[in-house]
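Chain residues, written in single-letter form:
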Amino acid sequence: MTVLVAISVAVMLIAAIMAVALRNWLAAVAALSVVSLALSFLFALLRAPDVALAEAAVGAGLSGVLLALTLRRIGLWGGREKKGEKE
Amino acid sequence: MSQSLPAIIYPVAIPLMGAFLLPIGARRMAELAGLFGRIVVLLSFSTSLALAVSIWTAGPAVSAMGGFAAPLGIVFYADRLAMLFLLALNVAVFLFWPRGQGAKGGPCTLMLALLAGGSGLILSGDLFNIFVFYEITAVASYGLAASGRTHAGFAAALRFLILGSVGSSLMLIGIALIYARTGTLNLADLSRIAPHALTGPVGLAAFILLLAGLGVKAELVPLNTWVPEVYGAAPARVSALLAGVVSKLAMVVALRFVVQVFPGDGAHTVLLVAGILGVLAGELAAWRAGSLMETFSYSSIAQLGMVALAFSISGAAGIAAGIALALHHAVVKPAFFMLAARWRGPVGGLAGAVKDSPLAVWLFVILSLSIIGIPPFPGFWAKFLFLKAAFAAPSAGVWIAVFVMLAGTVVEAAYLFRAVLVFFADGERGGSTPRFAFAQLAPALGLGAVLLAAMVFIAPLGASISGMADEASNAAAMAARVLDRGE
Amino acid sequence: MTGTLLYGGAIGLVIIGLYAIVARRHLMRNIFGLAVMESGVNLLLASVGYRPGGHAPILVAGAAPGPLVDPIPQALVLTAIVIGFGVLALALALVVRVRQAYGTLDNRAVARRLRAENGEARS
Amino acid sequence: MKSAGGYAPARIRGHERNHGKTVASVLFLGGLGLMLFELISAVPFGSAPMQVGQAIAGEAFARTGADNIVTAILLGYRGLDTLGEVTILFTAAAAAGMVLAGAGRGEAQGQEAGFIFRTAAWMLFPFLLVLGAYIIIHGHLTPGGGFQGGAILAAAFFTPLLASPASPFNHRVAILVEGFAGLVFVVIGLAGLAKGAFLTQLLGTGTPGALLSAGSLPVLYVAIGLKVGSELAGLMARVFGEGSARS
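Residues numbered from 1 in each chain as written. Chains lettered and ligands numbered in written order. Predicted model: local features only at pLDDT ≥ 70, side-chain atom pairs only at ≥ 80, totals over all residues. Heavy atoms only, no water.

Student: I would appreciate a short explanation of helix 13 (residues 316-342) of chain B in the present structure.
Tutor: Along an α-helix, residues three or four apart share an orientation, since each turn contains 3.6 residues. Residue and element names in this part refer to chain B. A rise of 1.5 Å per residue sets the reference length of helix 13, with its 27 residues, at 39 Å; its end C-alpha atoms lie 40 Å apart and thus fit the reference within 8%. The sharpest bend along helix 13 reaches about 25° and sits at A330, with the proline P334 one to four residues further on. Taking burial as the measure, the 27 residues of helix 13 include 23 buried ones, the bulk of the element. (Helix = DSSP H or I, 4+ residues; strand = E, 2+ residues; numbered from the N terminus. Expected span 1.5 Å × (residues − 1). Bend = angle between axes of the 7 residues up to and from the residue. Buried < 20%, exposed > 50% of the residue type's maximum accessible area, 1.4 Å probe, protein only.)

Student: Would you mind showing me how to read the packing of helix 5 (residues 127-145) of chain B against helix 10 (residues 236-260) of chain B here?
Tutor: Helix-helix packing is characterised by the crossing angle of the two axes and by the distance between the axes. All names here are of chain B. Relative orientation of the contacting elements helix 5 and helix 10 amounts to 165°, with a least axis distance of 12 Å. With respect to their mutual orientation, helix 5 and helix 10 come out roughly antiparallel. Crossing of helix 5 against helix 10: the hand is left-handed. Side by side, helix 5 and helix 10 meet where L127, I130, T137, S141, L144 and A145 of the first sit next to V238, L242, V246, V253 and F257 of the second. (Axes fitted to C-alpha atoms, helices over the stretch in contact; angles between N-to-C directions. Parallel < 35°, antiparallel > 145°, perpendicular 65-115°, else oblique. Left-handed = near helix turned anticlockwise from the far one by under 90°. Contact = heavy atoms within 4.5 Å.)

Student: Honestly, the pairing of strand 2 (residues 61-64) of chain B in this entry has me stumped. Any pointers?
Tutor: Two faces make up the sheet, and in a regular strand the side chains alternate between them. All names here are of chain B. Here strand 1 (residues 3-4) runs beside strand 2; their pairing, made up of 2 bridges, is parallel. Across the sheet, S4 pairs through a bridge with V62, a residue of strand 2. Bridge count for strand 2 against strand 3 (residues 75-78) is 4 bridges, and the pairing is antiparallel. Paired with V62 across the two strands is Y77, which belongs to strand 3. (Pairing = 2+ DSSP bridges.)

Student: Which parts of the structure should I look at to understand the pattern of salt bridges?
Tutor: Pairs can form between side chains of opposite charge once their charged atoms are near each other. The full count for this structure, using the stated rule, is 9 salt bridges over all chains. A salt bridge links D356 of chain B to R435 of chain B; its shortest N-O distance comes to 3.3 Å. A residue pair is termed long-range when its members are at least 10 positions apart, and D356 of chain B in helix 14 (residues 353-356) and R435 of chain B in the loop between helix 17 (396-423) and helix 18 (438-456) qualify at 79 residues. Between D81 of chain D and R78 of chain D there is a salt bridge; the shortest N-O distance is 2.8 Å. In this structure D81 of chain D comes out as buried when scored by relative accessible area, which is 1%. A single salt-bridge network, built from bridges that share partners, covers D126 of chain B together with R78 and D81 of chain D. (Salt bridge = Lys/Arg side-chain N within 4 Å of Asp/Glu carboxyl O.)

Student: What should I look at first to understand the interface of chain C and chain D in this one?
Tutor: Interface size, as often reported, equals the accessible area lost upon joining of the parts. The interface is formed by 46 residues belonging to chain C together with 51 residues belonging to chain D. Taken together, chain C and chain D are joined by 0 salt bridges. For the pair chain C and chain D, the interface holds 3 residue pairs in polar contact (both at pLDDT 80 or more). Secondary-structure elements contributing two or more residues to the side of chain C that touches chain D are helix 1 (2-22), helix 2 (27-48) and helix 3 (71-102) of chain C. Sort the elements by how many residues they give to the side of chain C that touches chain D and helix 3 of chain C lands first, with 18 residues. When the residues that make up the side of chain C that touches chain D are grouped by side-chain class, the tally is 31 nonpolar, 10 polar and 5 charged. (Polar contact = N/O pair within 3.5 Å; in protein donor to acceptor, adjacent residues only side chain to side chain. Nonpolar A, V, L, I, M, F, W, Y, C, P; charged D, E, K, R; others polar.)

Student: Would you mind showing me how to read the layout of surface pockets here?
Tutor: Picture a little ball the size of a water molecule; that probe, rolled over the atoms, points out where space is still empty. Put simply, the largest pocket is a space of about 1300 Å³. L163, V166, P222 and L223 of chain B together with V22 of chain C are the residues nearest the centre of the largest pocket, which is lined by 39 residues in total. Looking at the lining of the largest pocket, the elements that each hand over two or more residues are helix 6 (151-182), helix 8 (200-217), helix 9 (226-233) and helix 11 (265-288) of chain B, helix 1, helix 2 and helix 4 (107-122) of chain C together with helix 1 (8-41) of chain D. Looking at the lining of the largest pocket element by element, the count peaks at 7 residues for helix 1 of chain D. Of the residues in the lining of the largest pocket, the class split is 29 nonpolar, 4 polar and 6 charged. (1 Å grid on protein atoms, 1.4 Å probe; cavity = no way out; pocket = protein on both sides within 12 Å on 5 of 7 lines; lining within 4 Å. Points joined across faces, edges and corners; volume = space filled by probe spheres on them.)

Student: Please explain the interface of chain D and chain B as it appears in this structure.
Tutor: Facing the 53 residues of chain D at the interface are 58 residues of chain B. Summing the contributions of chain D and of chain B, the shared interface buries around 4600 Å²; its carbon and sulfur component is 75%. Taken as a group, R78, L80 and M98 of chain D account for 14% of the area that chain D buries against chain B, more than any other trio of residues on that side. For the interface between chain D and chain B, the tally reads 1 salt bridge. Across the pair D126 of chain B and R78 of chain D runs a salt bridge whose closest N-O atoms are separated by 2.5 Å. Counting across the interface, chain D meets chain B through 6 residue pairs in polar contact (both at pLDDT 80 or more). (Buried area = accessible area lost by both parts, 1.4 Å probe.)

Student: Please explain empty space enclosed by the protein as it appears in this structure.
Tutor: The full count for this structure, using the stated rule, is 11 cavities of 30 Å³ or more. Roughly 230 Å³ of volume is contained in the largest cavity. Mapped onto the lining of the largest cavity, the elements with two or more residues apiece are helix 2 (25-45) and helix 3 (49-73) of chain A together with helix 2 and helix 3 of chain C. Looking at which element gives the most residues to the lining of the largest cavity, the answer is helix 3 of chain A, with 7 residues. Of the residues assigned to the lining of the largest cavity, the class counts are 9 nonpolar, 8 polar and 2 charged. As a volume, the second largest cavity reaches approximately 140 Å³. Surrounding the second largest cavity, F131, E135, S165, S168, S169 and L172 of chain B together with E38, N42, A80, I83, G84 and V87 of chain C form its lining. Put simply, the parts of the chain that give the lining of the second largest cavity at least two residues each are helix 5 and helix 6 of chain B together with helix 2 and helix 3 of chain C. Considering only residue class, the lining of the second largest cavity consists of 5 nonpolar, 5 polar and 2 charged.

This is the structure:
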């Protein structure tokens, strides 16, 4: 179990850093979904199947779609964050 | 000695049903939505009143949700303190019910959700359940902050939401810490386990984390950066409601935590520090503020700081002082906000307002005298209770609290009199300041009348508050009522 | 070891999320940070209830197959996940509006405009 | 990482300006993280006291008749939390609807997806519907329940919308379903008052492991599933920009 936990935690943390750091919005949303998937796997390892299902459906699925839709609606879809955006 | 009263759920269930029903009808009959909502609030208020009467006569009541007895299930615990703030919340929601063109389905639904959430917050006796009701209240107030549908309203609501969610997450970490240490979430159960399980840095950290969540609503330093933004951008009625009552609910929950879960010195010191910072930062910012709206936003931070200072004095006397200050503020501050909503713009532009709207100006004077603490107004008694509590339990921290409170009062007096002097400025013929329509002034006048009535009945009111504080400060008796029911 | 990893991972998520909220200026990025932070808190809560060797809290025909992990934190995490989604949705709705209104999602720029507008409403 | 090119000059400028602040916040957050880690490690992993949890695990089945103890807690012991949670979703949906009313459609709306995606979305619809319903009604027996199933129901109704944005999303039906499902929850709770307290379980606990068991818990889960499903679908349709003008 320790090995599986170690791998999932590593994937989760790297994906979280990518979600925060990646300039490309779509890639960042994808990274956020990876965080949720790894988290969902960890919940399953922790013997919490209900939570794992909910995290996969809500966290990885719906949240990702919602974030992507919002990005599309405000015209950031596929765009990059500009450093020090100023208007 | 404790009664089982399953009906305590009604103050939560009635507005909740109203909130679920309202959007269904609001689509067809938009103009009826407001009326329907008011009827629901009245219904909820009268139920709460009946429950309050029963609790005043027969003592605190307990109800185990789903019939699952105390530490296993969720309990509601209602004492006189809870009922007082429950009634205040109901009255405030009725008084500041949304009006105007934007007040169709949306804000009314949110108002009812806020009422249900706030009622649950004040009645619940379970740590996580409190978190859930706190979130309902929070989400409803984010929505209400944006209900003016102005650009500034949306931006202020978004920044409020981000800060509030960080606070909620920190609060959840605190709950995880407590659960890891004690294995229970019930406040009464915790009051028996916590004194030996939640000691040292872990206990202190858990309290700070919980306070970080509550502090966003309770306007504690440094979690109050949203205050001037939201109160400036939201409809005045929403500002009055949030500053007047919702912030006090968070303070009362913090008090419950201090009494039941963190009775040690550490938590009191944290409250003391938060209070000192709040009073100093709030009053100074209020003094420098340009408009009345801004002044009152900042002074509300200072007044909640004073409540925190009072709660930091251990014992029933400090709690009584805190309740009195909170209650007084809950009457005065919404009235100030209603006045400030009409008197927008720099204070200097209000010269000669006494000729245009004498009633409003004199109301302002009375409210100011009371909040500064001039006898015989109720504000004096609240501050007097504070000093009495301090003299009964003297310590270095308490003297600092007294000094800060008095210094804050001096600054408060300075900026309020400055505004009053402008209103009475000579050489202005009037006609240049906004006049009040009666409907605009009515809620403020009503609150002024409450204030004057409180002045007349100050003696029984004081006795009632100190009885309430005794009841709310006795954690052992509260735990016995919830847990030892011999069922 | 497993515990260190899980607790470390959970706290790590909280800190990464907080960094995105405190140090980054783009409001959308702040909301990403909120989501990451909430994930961390959920993992922390779920880890608290774990027992080595415990079974998932689901009975087979009314009997436990052995010692169970603590079911309460699991129920709490479920609740927290759904709450987090509701808040996220409201935040995104507000983001759409703020972007429409100000043409930017730079937190500092938005705060500046907000202060200016509150000031204008005054005078 | 991916953005090494194009933005170099701007990045360097931004870097200089924010350098001090970034370092300070990293140091502060690192310290905070270490502190939190120390605090939580004070209770060794896997040894947190489990008194209430143990007590519930011991008696939950006998009292509620649900094989899934998490369900027993969500709908029984902590049913009020669940009502609160549904209310938060409801409140957030109402607030989002108010905020987005009249916001107009998005910038990149309107184009139909390709034929394959459209067909796949419609073929997926009945499958997701059945899956969601299955997960909801088996919530008291197996992992999953109203929330997980509700999320899948929302996906079922939302995917076709994603494929062909022109097709209307019926907000009126969603509002009706969510309102009445919420009412059902509260009314079942109030009916429990007759048996002692709010949310007291109605009906008998039934045969262990049978679909029709665990008293009123499956009814509550169906209400939650419908409510969560309609709320999530409504929320996503709003953010997507469909039907916002009619709100």
